[in-house]
Structure formats: C-alpha cells, structure tokens
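Fold and geometry: a report
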Amino acid sequence: SFSSVRQLVLNLQKSPANPTELKGDAFDEESVLGTLEGNSLRTSRRDTSTLRLFLALIFWDEECMINMLEILSDFAEPDVSTSRTHFRLFVIGLAGFEMGR
C-alpha cells in the first residue's frame, strides 16, 4: 500500500531506533496485518516483508534479512503486478547475494 511505502521513505529519512520495522507516522505493520485475514493478509505480508528486506539491506540488519527471506520463500511465484514481482525478486536476489559474500 502507499502508506507502507511512505513509511519506508520516512524510515530512510529519519533513521528511527529500529529502521527495519514498518512502524511510524504513516504505517504500523503489526496493527494493519492484525486486521487482515486470508489472501489479504498473505499478500500484505508479502509486500511488507519485501519492503522490510529492502530496509534490512540498506541498514545491514542480517537478522531481519534472514527473517524476511524465510517469509518470502513462500512467494517466488509472480503476482498480478509485474513491477511488484520484479522488485520483490530483485530484493530477494540482492539480499541472497550480499549475505553470501
């Protein structure tokens, strides 16, 4: 969602105490995911995990990278949005490459 991406940008700008969490003025991952179920929960978790993995790469949080890669291992298949799929696969690949160095 737009608000989760906005929170990613705010984390990049403000460097909060835990910059790999999507929790702040624009978006709170835990509270949003807590209201969802079924496919909505699954796709939202996929998208927030991709954003968190991206932040983990930038802030080099290996524990978060491992956790997000575990979650995203269930989402290798493409979805309706080609750009979202490509971004997710790019971030997964880059994280795997960097962690393997």
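Residues numbered from 1 in each chain as written. Predicted model: local features only at pLDDT ≥ 70, side-chain atom pairs only at ≥ 80, totals over all residues. Heavy atoms only, no water.

Turning our attention to the overall build of the chain. Helix and strand counts for the chain come out as five helices and zero strands. Secondary structure of the chain in N-to-C order comes out as α-α-α-α-α. Here the chain has a C-alpha radius of gyration of 13 Å; the compact-globule value for 101 residues is 13 Å, and the two agree. Seen through its C-alpha atoms, the chain measures out along the principal axes to roughly 35 × 30 × 20 Å. (Helix = DSSP H or I, 4+ residues; strand = E, 2+ residues; numbered from the N terminus. Rg over C-alpha atoms; globule rule 2.2 N^0.38 Å.)

As a further point, take the layout of surface pockets. By volume, the largest pocket is sized at about 160 Å³. E21, L22, K23, D28, E29, E30, L33, R45, S49, R52, M68 and I71 together form the lining of the largest pocket. Elements that contribute at least two residues to the lining of the largest pocket include exactly α2 (29–34), α3 (38–59) and α4 (62–72). Counted by class, the lining of the largest pocket contains four nonpolar, one polar and seven charged residues. (1 Å grid on protein atoms, 1.4 Å probe; cavity = no way out; pocket = protein on both sides within 12 Å on 5 of 7 lines; lining within 4 Å. Points joined across faces, edges and corners; volume = space filled by probe spheres on them. Nonpolar A, V, L, I, M, F, W, Y, C, P; charged D, E, K, R; others polar.)

The next subject is the nonpolar core. The biggest cluster of nonpolar side chains holds ten residues, and these are L53, A56, L57, C64, M65, M68, L72, F75, V91 and A95. Elements represented by at least two residues in this core include exactly α3, α4 and α5 (82–100). With four residues, α4 is the single largest residue contributor to this core. Apart from residues lying up to four places away in sequence, A95 is in contact with L53, L57, M65 and L69. Within the second largest apolar cluster, five residues are counted, among which are L22, F27, L51 and L55. (Core = buried A, V, L, I, M, F, W, Y, C linked by side-chain atoms within 4.5 Å. Buried < 20%, exposed > 50% of the residue type's maximum accessible area, 1.4 Å probe, protein only. Contact = heavy atoms within 4.5 Å.)

This part covers the packing of α3 against α5. Two elements in contact, α3 and α5, have axes whose closest approach is 10 Å; the angle formed by their N-to-C orientations is 40°. On the basis of the axis angle, α3 is oblique to α5. Here α3 and α5 pass one another in a crossing that is left-handed. The residues of α5 that touch α3, namely those facing R46, D47, T50, L51, L53, F54 and L57, are R84, F87, R88, V91, I92, L94, A95 and E98. (Axes fitted to C-alpha atoms, helices over the stretch in contact; angles between N-to-C directions. Parallel < 35°, antiparallel > 145°, perpendicular 65-115°, else oblique. Left-handed = near helix turned anticlockwise from the far one by under 90°.)

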